[in-house]
Structures are given as C-alpha cells and as structure tokens.
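Chain residues, written in single-letter form:
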Amino acid sequence: MASKVQIALVLPDLLGTYGDFGNAVVLEKRMTWRGIPAEIVPVRFGEPVPDSCDIYVVGGGEDTAQTLAVRHLRDHPGMQRAASRGAVILGVCAGIQIFGEKFTRADDVTHPGLGLVDSSSHAGGSRAIGEVVAEPVDGLFEGLLTGFENHQGRTVIGPSARPLARVKVGTGNDGSVEGLVQGRILCTYLHGPVLPRNPQIADLLIEWATGTKPQPLDLEAVTRLRQERAKAAGV
Amino acid sequence: MSSKLSQKMGLGAGGMIGGRIALKLDPQALAHLTSGRRVALVTGTNGKTTSTMMLSRAVSALGEVATNHGGANMPDGHVTALSKQQEAPYAVLEVDEGYFPEVVRASNPSVAVLLNLSRDQLDRVGEVRTIERNLREALNTVTGVVVASCDDIMVTSAARDCARVIWVSTGTGWHNDAASCPRCGDPIRWQGEHWHCTNCDLARPKPDWVTGDGFLITPRGERVELSLRLPGKFNMANAVMAAAAAAEMGVAVPDAVQRLRTVSNVAGRYRTIQRSGRRARLLLSKNPAGWSETLTVVRESAHPAVLAINAHEADGRDLSWLWDVPFEQLQGRRVIASGERATDLAVRLTYAEVEHTIIPDPLEAIDAMPVGDVEVIANYTAFRDLNARSADGE
C-alpha cells in the first residue's frame, strides 16, 4: 500500500448521476478521522485507469454514459488488473450491471460486461423507484441495509457470487435479494450515497483495504438518519 | 370562481384548480386560449419563474401580457392564467420541461426560450437525456424563434436543428451532466468557453448575444448595463435570455432591460423577512446546479445560514443530489440544518466538515440564529411553506 489509502473515483463525469461522489468522500473521511491517511483519486473519462489504487468506487449513469464507461474501462483495464490482485471495488447501480458477464439495456441491445463478477443483468418490466430496506446475508455486516433505488435493470447472480442482502422493502436485484459480493467486490442497486447511510459497509470496505478492523466511529447524524429512514419505510 | 373556492377551502393558492376544471370541460382549452395571441414559452431546469417574470415585464412595453407568474407551470396553470386575462394580446408562459411538447403543440409559440438542462428530481422528472430528446422533437416543430443557451450542451443539442435559433452565451455552466455527447455518446472536449464533441459535429454555436459581468452585448455589438436588483450570475443569465426573447417579440433592447430591471421579488424569492430581530433573505434552490449557484451568492456574505430540505413529490423523493452540492463552501460558518429531511442534510454537512445543529422547523431555525442577517436557502416545498407562513412578516 502507498503511504495513503488511495480511493479511485472511477469516471465521475460519466457515472456520477446519483451523488456517487458521496461514497468516495465517506470512505476518505472515515479513514482520515481515524488517523488513516487516505485520498480520493478522480479518474475522468479519457484518462487511463490506474491499477495501483486500494479501493475503486464506481457509480450510476444513464444508458449512453454506461455504455461509454464500459468501453473506456475495457480500453484501460487498470481496475480489472487491480481486481485480480484483490483490490476492493464498490459498484453502485450501473456498477452492478457493467461488472457482470453481460447486460441488456432497455432498448434490448445486449452488451458484454467487464466479467468481474458472476452475474448478468437485463431490463425489468417496470422501473424500481423508492426506499429499500434489506437484511444482510451470512452476517457479512451488521444492521439493515437502507437506501434509495431508481433503476430499470434486474440482476441474476451466478454460483461464484452471493447476494449482499435479502430485500424487506423495495426491489433490489429481483425483488428478493439485493446486491452481490464476490471476493472483495461489493455491488448494490442502492444508488449514490449508499455509504453515508450504511457506515457499516463503508467500514467493511476499509477493513478489506487495510487488513484491520477500523475503530468504532459514532456519528450522531448518521445514527439518527438510519433510524428515521427505517421508520419511514415501515421497518 | 373555482380558484376563489380553492383558496377558501385551503386547497392551495388557486393557481391550478380553475384550469384543471376548464381542461376537463374542454381538452382544447389551451389551444383556444392561446389562439390569436403572440405566445412566448419559457422552459429549462433552473430560472424559469424568474425569466418568465422578466420577459413578461419586458413584453408589457408592447401591451397587456397574460402570464403564470406564480410558478404554476403545467397546462392547468396556463389555462388559469390565460382565462384571467382573456383580452391580453400577448402571453408569456413558464412551462415545466415535462409538459413542454404538449404546450408547444397547443400554443404555436412565436418564441420558445430554452434556458438550461441539468438533472433535477431524477425519480420524478427522469434522466436529463430523455428530457433532451423530448424537447428536441418538440422544438423542431416550432415555427417561431427559439432562444437557447449555447453554453449548455444539452440545450444546444435540443435546439440546434430548429428553423431559427438565437444563441445566447449565458456564461453560466453546470457541465456535470454532459461529459458525453447527447447525440452520439462520445466525449465532449472543452477549450475555454468553447466545446465540441470529439466524434460528431455537435459543437458550441457562435453566440448572437453575450453575457458579461453586469452587462450584455447585443447582436449588433451594443453594450447594455443590466443593473439588476436580483443577485448572482445566474440572474444575469436569466436577464439576457429574457432580453433576447423580448427583442424577438419586438421590444427595443433598452426598453426591455429597463423593465426587467424592476424585478426584485419572484414569487417570494429573494424576499427579506423580519423576525425577532433577524433579517432573513429567502433563497430558493431545487437541484445541484441551483444550489451551486446560490452558494456562490451566499459566499459573498459571512452571514449564518439556515438550509431547509424537504423531499415531497414536487421536490423529488430522492435526496442523493445533496452529495453533488459543494456544501464544503460553508465551512467555518454558522449553519442550521432544517426542513423535514434535516437529518439527510446533517449527514452531508457532517462529511463536508461543516459544523451545524438540527432544527427541523425553518422559522424556529431563523429565531435560533444571532440577531442580524441570516441567509435562508430552501428547496421547493420547504420554500413554499416558509413563504406562506411568513407572508405577513415583511
């Protein structure tokens, strides 16, 4: 690891539709506040993707932006190289779709994905929009997963991956499970600021990246927000 | 009568209900009510209400103008406004971007003003590229003139193929939604103020009107001072768009500017209220582009700030956009997080390292500030409620 934990914010200009920058900020702050030096490395469209970062954060985008992003990541396979040596990757919304073997867009065109995880995605009949609450699978993290979804895609997970959580409210991948985990790659349909609302997942990613379980960090506003949103979703 | 009834029953301001009934009785009401008038439509993501008010003031140099100045910008609001001023030979209407195609079909506008396009209420309005395509189709049917910003890639794409376009360089830019070309999906490259697609022929058109710092330059090269009462660069952009549209309607530029200068209070926005020894300036911001612009206005003072966030249907239920607003700019200032979703905002402020407290009621938040000046920035329904509750406090 370099002297600072490097968080690659991947293609914020293409995959930044839903405040995805927030996830990188949360990782950076939660480390620096605990004395772990960390920095955000934005990788913009047209720039090569470094393979030396510790954490990669990939956000959501519209169809054309998503296709363009896949093309770019294929031409500059730094993130895939990093994945093969065990770098931590968070894929949000579009992330879950483009990381898989293939994804079919709303216009019925099928695109090859990056093949980082064992999944495939297709367009669902209806757009899933609204609050989501889901229960973690296999004690992967503590507390409920909570967030907001707005996507047309549906994702089927193959045997090499496992679901992140079971849906209590909302749609997630397919109405029953939400997100996926494969090695140190974690994907979710809960878009944008999923880490601000789910600090336990932020800390899990930090633990994977640094090899040490981080100190507890209680932020009053975050605790309050989690309670309020779970209550609003009727859980 | 129905709008009075609506007000009496406490259903709302009465800006829509009359129109809603009229449209039920006559689905062609909008076409009938616009027929025989010269119509200007104003749409875009930010600045619609202000630009519409500026343009209607400017066009009033020519005669009576029917306009929906209260911000009721869907067809029922248009019908209500037009019904109230049946004799007015001119109509200047603010149009919600989602309803723009329908209103264009019904009203055959002489001038269509397209201000800007950025992401706004993604769960309700949809994604910006879909809006761009719908606006492009609608604008292509406009037989009058389209006034459009050439500094906005989405707007340029939507307006470029129209029969007659007046391009305005507004000098404002939120480019975060347009890294890739809306036409072909390839990257956009910026060189100073110029931009072009690296693949297809979409590029910044040469502007006819140019916005400077406090002035505008007309297509004939005349420099006109703006001297607006409204703050911020974005209001200069609104003013130049309005002046260019007014010129197309037949108003002399000096007359137009003199009239739009008189705008100081747009549906309660920029109003200052006095409360318990505090002077609070009310600013409305609805989406990341709007908040970014408003924060630059607020940054000119060191006053404490109350920020109020709701997430009703009209605001958009999804608050992910809070992470796209550079709240870090408020570091070191006294801030209160307010509104029904004050806690979402508080989390954002926590990570922006802006010290703050939470007081959900915006009026109580104002009262909790030190005596003196306070900046209040609120999103749509938070602003509307605050404005209604402080109506007599002016």
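Note that the structure is a prediction, hence the values are computed from the model and not measured.

1. Remarks on the overall build of chain B
Scanning chain B from N- to C-terminus turns up 14 helices and 17 strands. With the C-alpha coordinates of chain B rotated into their principal frame, the extents come out at 55 × 55 × 40 Å. By the burial criterion, 61% of the 394 residues in chain B qualify as buried. Of all intrachain contacts in chain B linking residues separated by at least 6 positions in sequence, the fraction that spans at least 24 positions is 67%. Of the roughly 15,500 Å² of accessible surface on chain B, 48% is carried by carbon and sulfur atoms.

2. Structural notes on the side chain of His151(A)
All names here are of chain A. Relative to the assigned elements, His-151 resides in strand E8 (residues 145-157). Classification of His-151 as buried rests on a relative accessible area of 2%. Reaching out from His-151, the side chain makes a polar contact with the side chain of Glu-149 at a distance of 2.8 Å. In this structure His-151 touches Cys-93, Ser-126, Arg-127, Ala-128, Gly-172 and Tyr-189, once residues within four positions along its chain are discounted.

3. Considering the pattern of salt bridges
Residue and element names in this part refer to chain B. Evaluated as defined, the whole model comprises 28 salt bridges over all chains. Between Arg-20 and Asp-76 there is a salt bridge, and its shortest N-O distance comes to 3.1 Å. You can see Arg-20 sitting in helix H2 (residues 17-25) and its partner Asp-76 sitting in helix H5 (residues 75-84), a full 56 residues away along the chain. By relative accessible area, which is 12% here, Asp-76 ends up buried. The salt bridge partner of Arg-279 is Asp-373, with a shortest N-O separation of 3.0 Å. Note that Arg-279 is positioned in strand E13 (residues 278-284) and Asp-373 in strand E17 (residues 372-378), a separation of 94 residues in sequence. With a relative accessible area of 31%, Asp-373 lands in the partly exposed category. Through salt bridges with shared partners, a single ionic network connects Arg-160, Asp-161, Arg-183 and Asp-201.

4. Points about the packing of aromatic side chains
Given two aromatic rings, their pairing is described by the distance between the two centres and the angle made by the two planes. This structure, assessed with the given rule, holds five aromatic pairs over all chains. Note on Trp33(A) and Tyr351(B): the rings are 5.4 Å apart at their centroids and 20 degrees apart in plane angle, and the pair reads as stacked. Placement of Trp33(A) in the loop between helix H1 (21-32) and strand E2 (38-43) and of Tyr351(B) in helix H12 (residues 342-351) is noted, with the two residues assigned to different chains. Relative accessible area serves as the criterion here: at 31%, Trp33(A) is assigned to the partly exposed category. Residue classification places Tyr351(B) among the buried residues on the basis of a relative accessible area of 0%. Following the ring pairs from residue to residue traces out a cluster consisting of Trp33(A), Trp323(B) and Tyr351(B). The ring of Phe215(B) carries the charged tip of Arg223(B) above its face, separated from the ring centre by 3.7 Å.

5. A closer look at empty space enclosed by the protein
Tallied over the entire structure, the rule returns four cavities of 30 Å³ or more. Counted as a void, the largest cavity has a volume near 170 Å³. The wall of the largest cavity is formed by 17 residues, among which Pro193(A), Arg197(A), Leu319(B), Ser320(B) and Asp344(B) lie closest to the centre. Only E8 and helix H5 (194-197) of chain A together with H12 of chain B provide two or more residues apiece to the lining of the largest cavity. Residue composition of the lining of the largest cavity, grouped by class: nine nonpolar, three polar and five charged.

6. Quick look at the domain arrangement of chain B
Residues and elements named next belong to chain B. Taken as a whole, chain B is organised into domain 1 (1-261) and domain 2 (270-392). Averaged C-alpha coordinates put domain 1 and domain 2 at centres separated by 27 Å. Taken together, the contact pairs 16 residues of domain 1 with 18 residues of domain 2. Between domain 1 and domain 2, a total of about 1,500 Å² is buried, with carbon and sulfur atoms accounting for 55% of that surface. Scanning the region where domain 1 abuts domain 2 turns up zero salt bridges. Between the two partners, domain 1 and domain 2, sit two residue pairs in polar contact (both at pLDDT 80 or more). Here the residues of the side of domain 1 that touches domain 2 sort into four nonpolar, eight polar and four charged.

7. Section: the interface of chain B and chain A
Contact with chain B, which involves 27 residues of that partner, is made by 34 residues of chain A. Across the chain B to chain A interface the summed buried area is about 2,700 Å²; carbon plus sulfur atoms make up 58%. The three residues of chain B that bury the most area against chain A are Glu127(B), Trp323(B) and Tyr351(B), which together make up 26% of that side's buried surface. For Arg71(A), the salt bridge is made with Asp186(B), and the minimal N-O distance between the two is 3.5 Å. On the surface where chain B and chain A come into contact, there are five residue pairs in polar contact (both at pLDDT 80 or more). Sort the elements by how many residues they give to the side of chain B that touches chain A and H12(B) lands first, with seven residues. Per-class residue counts for the side of chain B that touches chain A are nine nonpolar, six polar and 12 charged.

Criteria and cut-off values
- Residues numbered from 1 in each chain as written.
- Chains lettered and ligands numbered in written order.
- Predicted model: local features only at pLDDT ≥ 70, side-chain atom pairs only at ≥ 80, totals over all residues.
- Heavy atoms only, no water.
- Helix = DSSP H or I, 4+ residues; strand = E, 2+ residues; numbered from the N terminus.
- Buried < 20%, exposed > 50% of the residue type's maximum accessible area, 1.4 Å probe, protein only.
- Contact = heavy atoms within 4.5 Å.
- Areas by Shrake-Rupley, 256 points an atom, 1.4 Å probe, with all protein chains shown as cover.
- Polar contact = N/O pair within 3.5 Å; in protein donor to acceptor, adjacent residues only side chain to side chain.
- Salt bridge = Lys/Arg side-chain N within 4 Å of Asp/Glu carboxyl O.
- Phe/Tyr/Trp six-rings, centres within 6.5 Å; stacked < 30°, edge-to-face > 60°.
- Lys NZ or Arg CZ within 6 Å of the ring centre and 35° of its normal.
- 1 Å grid on protein atoms, 1.4 Å probe; cavity = no way out; pocket = protein on both sides within 12 Å on 5 of 7 lines; lining within 4 Å.
- Points joined across faces, edges and corners; volume = space filled by probe spheres on them.
- Nonpolar A, V, L, I, M, F, W, Y, C, P; charged D, E, K, R; others polar.
- Domains from an automatic or database assignment.
- Buried area = accessible area lost by both parts, 1.4 Å probe.

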